[in-house]
Amino acid sequence: MRKLRSMSRTTRRTAAAASAVALAALTTSGPVALAAGTTGDGKVDVVNTETVQVYMDADGRVESRRVYEQLVLTGKGTVDVENPVSTKGLRNLDGFGGFEVKDGEQVGTFDVDGATRARSVSDFDGELPLDIDVEYSLNGTKVKPGDVVGKDGRLDVTFVVKNTTSESREVTVPDGKGGSVTRTVDVAIPMVGSLTTVAPPNFADVQSDQANMAGDGRGGTKLSFTMTLFPPIGSPEARFGYTAAITDGVVPRIDVSALPVNPLKSPSFKTAATSYQSGADTGAQLADGALEIDSNLLKLRDGASDLLAGLLQLQAGSEKLQSGLVGKAAPGAGRLADGTGKALAGSGKLAAGAGDLSAGIGKADDGGAKLDTGAAQLVAGQKALAAGLEKLYAGVEDLPAQVQAQVTADPQYQALTGALSAVLAGIGTLADQPRANPAENTLLGGLKGLTYGLRYPAGADCVNAPGTKCGILDGIDTVKAGIDSQRAGAGALGAALHAARTSAGCATDPVCSASLDAIIPSLTALPTKLQQASEALGALSDAGDDRMIPGINLMRSRISAGVSPATCSANPAGCGAREALLAVQGGIPQLVNAVSSNIRTTLLGAIGTGAAGCDTTKTLQCGANALSTGTLRLSAGVTELVHGLGLLDDGGSQLAAGAGDLADGLGELDTGAHDLAEGLGDAADGSTRLAEGLGEAAAGAPKLVDGAGRLSDEGTRVIAGKGAATAQDYGTLYAVLEQGAKRADAERMAYGAPTGAAGLTAYTYVIGAEDGEGGRNWVRAAGGSVLLAAGGGAFLLRRRLLA
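Only a predicted model underlies this, so the values are computations on that prediction, with no experimental measurement involved.

1. Here we look at the overall build of the chain
Okay, step 1: Across its full length, the chain carries 13 helices and 17 strands.
Okay, step 2: The 803 residues of the chain split such that 33% are buried.
Okay, step 3: For the chain, the share of sequence-separated contacts (at least 6 apart) that also reach a separation of at least 24 residues comes to 72%.
Okay, step 4: Of the roughly 45300 Å² of accessible surface on the chain, 58% is carried by carbon and sulfur atoms.

2. Section: the environment of Val-198
Okay, step 1: Within the fold, Val-198 resides in strand 11 (residues 191-199).
Okay, step 2: Here Val-198 falls in the partly exposed class, since its relative accessible area comes to 31%.
Okay, step 3: Spatially, the C-alpha atoms of Val-198 and Arg-253 are 7.3 Å apart, while their sequence positions differ by 55 residues.
Okay, step 4: Ignoring sequence-local partners within four residues, the contact set of Val-198 consists of Asp-216, Thr-221, Lys-222, Pro-252 and Arg-253.

3. Here we look at the state of the cysteines
Okay, step 1: For the structure on display, the rule yields one disulfide.
Okay, step 2: A disulfide bridge connects Cys-506 with Cys-512, and the sulfur atoms are separated by 2.0 Å. Looking down the S-S bond of the Cys-506 and Cys-512 bridge, the torsion is -105 degrees, so its handedness is left-handed.
Okay, step 3: Overall, the relative accessible area of 5% leaves Cys-506 in the buried class.

4. Notes on the pattern of salt bridges
Okay, step 1: For the structure on display, the rule yields 13 salt bridges.
Okay, step 2: Arg-169 is paired through a salt bridge with Glu-167; the nearest N and O atoms lie 3.0 Å apart.
Okay, step 3: Owing to a relative accessible area of 32%, Glu-167 belongs among the partly exposed residues under this scheme.
Okay, step 4: Among the ionic contacts, a cluster of salt bridges with common partners joins Glu-167, Arg-169, Arg-743 and Glu-747.

5. Comments concerning the sheet that holds strand 8 (residues 153-163)
Okay, step 1: The strand order across the open sheet built from five strands is 7-6-8-15-12, with neighbouring strands paired in antiparallel fashion. A strand with exactly one partner marks an edge of an open sheet, and here the two such strands are strand 7 (141-143) and strand 12 (203-207). Here the average twist between neighbouring strands, direction ignored, is 30 degrees.
Okay, step 2: With 10 bridges joining them, strand 8 and strand 15 (residues 237-246) adopt antiparallel strand pairing. Across the sheet, residue Asp-156 finds its bridge partner in strand 15, namely Thr-243.

6. Describing unusual backbone geometry
Okay, step 1: Between Pro-231 and Pro-232 the backbone carries a cis peptide bond, its omega angle lying at 0 degrees.
Okay, step 2: With respect to the helices, strands and loops of the structure, Pro-232 is situated in the loop between strand 14 (221-228) and strand 15.
Okay, step 3: At Asp-103, a residue that is not glycine, the phi angle is positive and equals roughly 50 degrees.
Okay, step 4: Structurally, the position occupied by Asp-103 is in the loop between strand 4 (100-102) and strand 5 (105-123).
Okay, step 5: Of the residues examined, Asp-103 reaches a relative accessible area of 82% and is grouped as exposed.
Okay, step 6: One non-glycine residue, Asn-139, lies in positive phi territory at about 55 degrees.
Okay, step 7: As for its position among the elements, Asn-139 is in the loop between strand 6 (130-138) and strand 7.

7. Examining a negative patch on the surface
Okay, step 1: A cluster of acidic side chains, namely Asp-675, Glu-678, Asp-682 and Asp-685, defines a negative patch on the protein surface.
Okay, step 2: Inspection of the secondary structure puts Asp-682 in helix 12 (residues 619-746).

8. Comments concerning the pairing of strand 8
Side chains on a regular strand alternate between the two faces of the sheet.
Okay, step 1: One ladder, built from nine bridges, connects strand 6 with strand 8; its direction is antiparallel. Among the inter-strand pairings, Val-134 is bridged to a residue of strand 8, identified as Phe-159.

9. Quick look at the packing of aromatic side chains
Okay, step 1: Counting across every chain of the model gives six aromatic pairs.
Okay, step 2: Ring centres 5.9 Å apart and planes at 55 degrees place the aromatic pair Phe-159 and Phe-225 in the tilted group. Of this pair, Phe-159 sits in strand 8 while Phe-225 is found in strand 14, placing the two residues 66 residues apart along the sequence.
Okay, step 3: Judged by relative accessible area, Phe-159 falls into the buried class, the value being 1%.
Okay, step 4: Ring centres of Phe-159 and Phe-240 lie 5.8 Å apart, and the angle between their planes is 40 degrees; on these two criteria the pair is classed as tilted. Taken as a pair, Phe-159 in strand 8 and Phe-240 in strand 15 lie far apart in primary sequence, 81 residues in all. For the pair Phe-159 and Phe-240, a shared accessibility class is recorded, and that class is buried.
Okay, step 5: Here the aromatic cluster, defined as three or more aromatic residues joined through ring pairs, consists of Phe-159, Phe-225, Phe-240 and Tyr-242.

10. Concerning the nonpolar core
Soluble globular proteins tend to bury their nonpolar side chains together.
Okay, step 1: Counting 41 residues, the largest nonpolar core has Tyr-136, Phe-159, Phe-203 and Tyr-765 as the members making the most contacts within it.
Okay, step 2: Tyr-136 has contacts with Thr-141, Lys-142, Val-143, Pro-145, Val-148, Leu-155, Asp-156, Val-157, Val-251 and Ile-254, leaving out every residue within four places of it along the chain.
Okay, step 3: Counting residues in each nonpolar core, the second largest holds 13 residues, with Leu-454, Ile-476, Ile-483 and Leu-537 among its members.

11. Digging into the side chain of Asn-83
Okay, step 1: Inspection of the secondary structure puts Asn-83 in strand 2 (residues 62-84).
Okay, step 2: Judged by relative accessible area, which is 0%, Asn-83 ranks as buried.
Okay, step 3: At a separation of 3.3 Å, a polar atom in the side chain of Asn-83 contacts the side chain of Glu-69.

12. Points about the environment of Asp-123
Okay, step 1: Tracing the backbone through its elements, the reader meets Asp-123 in strand 5.
Okay, step 2: Residue class for Asp-123 comes out partly exposed when judged on its relative accessible area of 27%.
Okay, step 3: Residues Asp-123 and Thr-87, spaced 36 residues apart in sequence, show a C-alpha to C-alpha distance of 7.7 Å.
Okay, step 4: Not counting residues within four places of it along the chain, the set of residues in contact with Asp-123 comprises Arg-65, Arg-66, Val-67, Ser-86, Lys-88, Gly-89 and Tyr-751.

13. Some words on the pairing of strand 2
Okay, step 1: Relative to strand 2, strand 1 (residues 44-56) runs antiparallel, the two being bridged by 13 bridges. Note that in strand 2 the partner of Val-54 across the bridge is Arg-65.
Okay, step 2: What sits between strand 1 and strand 2 in their antiparallel hairpin is a turn of five residues, with Gly-60 showing a positive phi close to 95 degrees.
Okay, step 3: Pairing between strand 2 and strand 5: 19 bridges, direction antiparallel. Across the sheet, Val-72 pairs through a bridge with Arg-117, a residue of strand 5.

14. Let's talk about helix 6 (residues 472-502)
Okay, step 1: Compared with an ideal rise of 1.5 Å per residue, which puts 31 residues at 45 Å, helix 6 spans 45 Å between its outermost C-alpha atoms and is within 8% of the ideal.
Okay, step 2: Helix geometry: helix 6 is bent most strongly at Gln-486, by close to 30 degrees.
Okay, step 3: Along helix 6, the residues that are buried comprise Leu-473, Asp-474, Ile-476, Ile-483, Ala-490, Gly-494 and Leu-497.

15. Re the confidence of the model for the chain
Okay, step 1: The share of residues in the chain with pLDDT of 70 or more is 64%, and the mean pLDDT across the chain is 75.
Okay, step 2: Mean pLDDT across the elements of the chain ranges from a minimum in helix 1 (residues 2-27), with 41, to a maximum in strand 15, with 98.
Okay, step 3: Within the model, the stretch residues 1-40 combines pLDDT values under 50 with 64 contacts to residues more than four positions away or in other chains.
Okay, step 4: In the predicted structure, residues 615-620 sits below a pLDDT of 50 and forms six contacts with residues beyond four places in sequence or in another chain.

Rules used throughout
Residues numbered from 1 in each chain as written. Predicted model: local features only at pLDDT ≥ 70, side-chain atom pairs only at ≥ 80, totals over all residues. Heavy atoms only, no water. Helix = DSSP H or I, 4+ residues; strand = E, 2+ residues; numbered from the N terminus. Buried < 20%, exposed > 50% of the residue type's maximum accessible area, 1.4 Å probe, protein only. Contact = heavy atoms within 4.5 Å. Areas by Shrake-Rupley, 256 points an atom, 1.4 Å probe, with all protein chains shown as cover. Disulfide = S-S within 2.5 Å. Salt bridge = Lys/Arg side-chain N within 4 Å of Asp/Glu carboxyl O. Pairing = 2+ DSSP bridges. Axes fitted to C-alpha atoms, helices over the stretch in contact; angles between N-to-C directions. Patch = residues over 30% accessible without salt bridge, like charges linked within 9 Å, V, L, I, M, F, W, Y side chains within 5 Å. Lys, Arg positive; Asp, Glu negative; His and termini not counted. Charge placed at Lys NZ, Arg CZ, Asp CG, Glu CD. Phe/Tyr/Trp six-rings, centres within 6.5 Å; stacked < 30°, edge-to-face > 60°. Core = buried A, V, L, I, M, F, W, Y, C linked by side-chain atoms within 4.5 Å. Polar contact = N/O pair within 3.5 Å; in protein donor to acceptor, adjacent residues only side chain to side chain. Expected span 1.5 Å × (residues − 1). Bend = angle between axes of the 7 residues up to and from the residue. pLDDT = per-residue confidence, 0-100.

Set out below in structure tokens:
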């Protein structure tokens, strides 16, 4: 009876633990869906967990298979639930009542206000996803679990856990060449799990390369193995184990937990899935790059063939070049050098004769120049006479203007007009701008500069600092802006120092507290003082904008209204001081013209204008005209003579210069001819070596063609093939993960969850211990039977004797 009760408690603990595993998996799988059929004011969330529990004996025989169902409903409202279950042996774990079952589904209506649970258990009649086998070896000999009991020696335990859900599926993956291929692969439901066992205290020197080991607190050793039972991250089959030195051996209990997982969503496996996808992409890129290199290698091979043909042609040409240089060009260059030497000697004599000719012509040219100068002076005298007559005519004609000139030449007149002009120039115009040089400023420009000094307008440049704001009011605004920007900082600094003063470290430090007490009052009053300074600066800036600048502009308009003198004469009230001065300045010339307008004589009749030809009574005019005609003819002849002499002199100079250039050129030609002769000799030697080198290059070019072809066949095409294979292999691995993820989502539950509910199935396997208690219990039972039989015989014998 103790054994049965203990087993019952163990069963409940295992089921509860498996339910906790399933719930933990649900909490990491995403949001819980709402159940269909909810009524009432609120909503009800439904979570369904299935825990399949399998009990096996130490030899691996299945003793029982049960499925524990748990519905957890939270919220408020009434909900109808139809939960697929196993109906075989279905029992209620929350009471003695049964369940209503329709078409293999547990049917019920739940009134939920907070949290409600419904638990059941039934026999599991489905296919188990795992096959578990345990192998035992004692002192190197394979044994059954019962053979370990009571033995001493070295025990080797091997666990073999296999995922049995695999099925064949076709997947389409990139072929690494721009297309795709179809492959048939085995896809299992991705399962992860753990196997746990506890080696008892009589197991010493426990060793395992795969287990996480720790003490159990009672002298034993707890071993935990983690399993990833799906490819390609793991394997459908996991093999692991441990060894120990045992005394009075037993076979400890083994617990296995497993559940399905989506590898594309699980944080533990998502990175690996991404790596497989990246591997497929990298393989495709490798194949593309190798194919491109191969294409270029084929172009290199074809180009090498063309190079070979060109080298052969170049070799033939070099042989002809060698023949021409050695047989003809080199001897001809020697003869050319001899001829240029003779020509160079003759050119020297030619240059000397040309120099003498140029000197003689230069002397004749100097005489012609002097003759031309005398003729030019004569023409100039005639022109001066004609000009004097013209001035005499103009003076008689414009006598009033001469009188006006005498007036304007008077110093007092000039002083008056000069003073007026200076005053007007000093006043300037409204358009005048301030100047950097004060001596260049006008009154109106200076007043405008005064307004600029107060406030620079938008777009204006500072005279001494272009592109900056240099007005006084601009500076005031800048200072005010700086003060305003510091007010918040001053307040924050005061608050920070106050917080530091009240901190535990400073409050107990006399130096710190005394220092801050002296500073904080000033900082506390600083924002108010900054505010007052900002307001005072703002008032000063407003006064400049509202009163000072408008007053200066009014003064400028009083000095100059910017109107014409005619407008000023018609409307004196609309004039400024500048316009009034302009009116006075314009009236002075008019007064002078009025005084001299009636002066006129008949001098023109006595002298003549010269416009009607030569008159015998006007000898001065006629003589001047005749002199003009003669001097012009003489000047023309002399000019032609001088021109001819200049041309002759230029030609002689050019001849001399050309003879010198010829001598220089022949000298260079002579030098070049000798260099050519030497160079052609060197070229002949080089052509011989060129012909030899081209022969060697032509012999080696076929190897370049063959090498490019082999590199294509044995190198880049092989790399392209391997890249395509890599793309296909990694693409297949990712496709297996993708198909496994689909199976994990579609087949994650043994029976399924209610519509709209979240659900998950966990599997637990318990492999019982083997410690010999079963045999000892049988012996005890047999001994008790013997004693009972003996007691019964003695009782019967006693009755007979008494009878």
